[in-house]
Amino acid sequence: TWSGHGQWLEWTVDVKQSGYYRLSFRYQQESLKGLPVGRRLSIDGKVPFAEAAYLQFPYTSRWDFLTAADEEGEPYLFYLSEGTHTLRMEAVLGDLAPIVRQLNDVIYDLNQWYRKIIMVTTTSADPYRDYNLDKEIPGLMEGLSACAQRLRSGYDAICELAGGEVAECAILMTTVRQLESFLEEPRTIPYRITSFQSNIGSVSAWVLDIRSQPLMLDYFLLWQEGAQLPKTTSNFWDSIVHNT
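Residues numbered from 1 in each chain as written. Predicted model: local features only at pLDDT ≥ 70, side-chain atom pairs only at ≥ 80, totals over all residues. Heavy atoms only, no water.

I'd like to hear about the side chain of Thr121, residue by residue, with values.
With respect to the element layout, Thr121 can be found in helix H1 (residues 96-121). Relative accessible area serves as the criterion here: at 2%, Thr121 is assigned to the buried category. What Thr121 contacts, discounting residues up to four positions off in sequence, is Tyr131, Leu133 and Pro190. (Helix = DSSP H or I, 4+ residues; strand = E, 2+ residues; numbered from the N terminus. Buried < 20%, exposed > 50% of the residue type's maximum accessible area, 1.4 Å probe, protein only. Contact = heavy atoms within 4.5 Å.)

This is the structure:
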């Protein structure tokens, strides 16, 4: 349940010695396939530095170990004085936020065009009638073209964030191809209105899914350079012993 935007968990930690600490997590995130999830880290009610406002946890189908670090892999250092501190992690969309906003705007516009189309054709178009929608509905072709471009832009942005193509967002390109075919053959729009509505619904459902930021957290470690970290994965013999 720690997945909705703005939901948070916090922990109280007792620091024995003042100094700079690294922060590592043993986590699993296999729900949002191909995409990272985000958490905002605050210590005693304050985000320690800008990068801590969006810590990314990449997709992984198994338990993995992640140390909060920059793009070069250099661990972030968190200064903690001796005594009790409160660490809070809040679910945030981070880099996904502008993409989600853009896609929501496109969904709204597509629904508007859908309603304008069925005002002319109804949901059951007459197969023996030419509706001339490109002439009957002002701005329809330009509007569908703009929606296709913005959907493609959203798809590219998601792939860039994920570091490659994301199979789960293929519905975006399916809808793009349908819109482009509408532009090439406007006369076919009335007879494909059901699939158009279905694609809008699928895009909307997918955007709703990626707004969720699920993360399974086993534990986190605050540690200093030179510390002996625990083994975070089990080998074959460990599994045999455990199962036995």
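So what's going on with the environment of Ala125? Which residues, and what values?
Residue placement: Ala125 occurs in the loop between H1 and helix H2 (133-136). Measuring from C-alpha to C-alpha, the distance between Ala125 and Glu74 comes to 61 Å, with 51 residues separating the pair along the chain. Sequence-distant contacts of Ala125, defined by excluding residues within four places in its chain, comprise Tyr131, Pro190 and Tyr191.

Residue-level account of helix H3 (residues 140-162), with values.
Between its terminal C-alpha atoms H3 stretches 33 Å, which fits the 33 Å expected from 23 residues at 1.5 Å a residue. For H3, every residue scored as buried is listed here: Leu140, Met141, Gly143, Leu144, Cys147, Ala148, Leu151, Gly154, Tyr155, Ile158, Cys159 and Leu161. Elements that come into contact with the buried residues of H3 comprise strand S4 (55-57), H1, H2, helix H4 (170-184) and helix H5 (193-211). (Expected span 1.5 Å × (residues − 1).)

How would you sum up the nonpolar core? Please name residues and give values.
In terms of nonpolar packing, the biggest core is built from 65 residues, with Leu140, Leu144, Ile158, Leu172, Leu179, Phe196 and Trp206 touching the most fellow members. Top contributing element to this core by residue count: H1, with 11 residues. Once residues lying within four places of it in the same chain are set aside, the contact partners of Leu140 are Trp113, Ile117, Leu133 and Ile189. (Core = buried A, V, L, I, M, F, W, Y, C linked by side-chain atoms within 4.5 Å.)

Account for a nonpolar patch on the surface, with residues named and values stated.
Residues Tyr20, Leu77 and Tyr79 make up a contiguous nonpolar surface patch of roughly 350 Å² in combined accessible area. As for its placement among the helices and strands, Leu77 is situated in the loop between strand S5 (60-67) and strand S6 (78-80). (Patch = residues over 30% accessible without salt bridge, like charges linked within 9 Å, V, L, I, M, F, W, Y side chains within 5 Å. Areas by Shrake-Rupley, 256 points an atom, 1.4 Å probe, with all protein chains shown as cover. Salt bridge = Lys/Arg side-chain N within 4 Å of Asp/Glu carboxyl O.)

So what's going on with the packing of aromatic side chains? Residues and values would help.
Tallied over the entire structure, the rule returns 10 aromatic pairs. Grouped by ring-pair contacts, the aromatic residues Trp2, Trp11, Phe25, Tyr27, Phe57 and Phe220 constitute a single cluster. One residue, Arg39, lies across the ring of Trp2, its end atom 4.2 Å from the ring centre. (Phe/Tyr/Trp six-rings, centres within 6.5 Å; stacked < 30°, edge-to-face > 60°. Lys NZ or Arg CZ within 6 Å of the ring centre and 35° of its normal.)

Pulling in residues and values, what's your account of the sheet that holds strand S3 (residues 37-43)?
Spatially, the four strands line up as an open sheet ordered S1-S7-S3-S4, and their pairing is antiparallel. The sheet terminates laterally at strand S1 (8-15) and S4, the two strands that pair on one side only. With strand direction ignored, the average angle separating the axes of adjacent strands in the sheet is 30°. Alignment of S1 against strand S7 (residues 83-92), held across eight bridges, turns out to be antiparallel. Across the sheet, Thr12 pairs through a bridge with Thr86, a residue of S7. (Pairing = 2+ DSSP bridges. Axes fitted to C-alpha atoms, helices over the stretch in contact; angles between N-to-C directions.)

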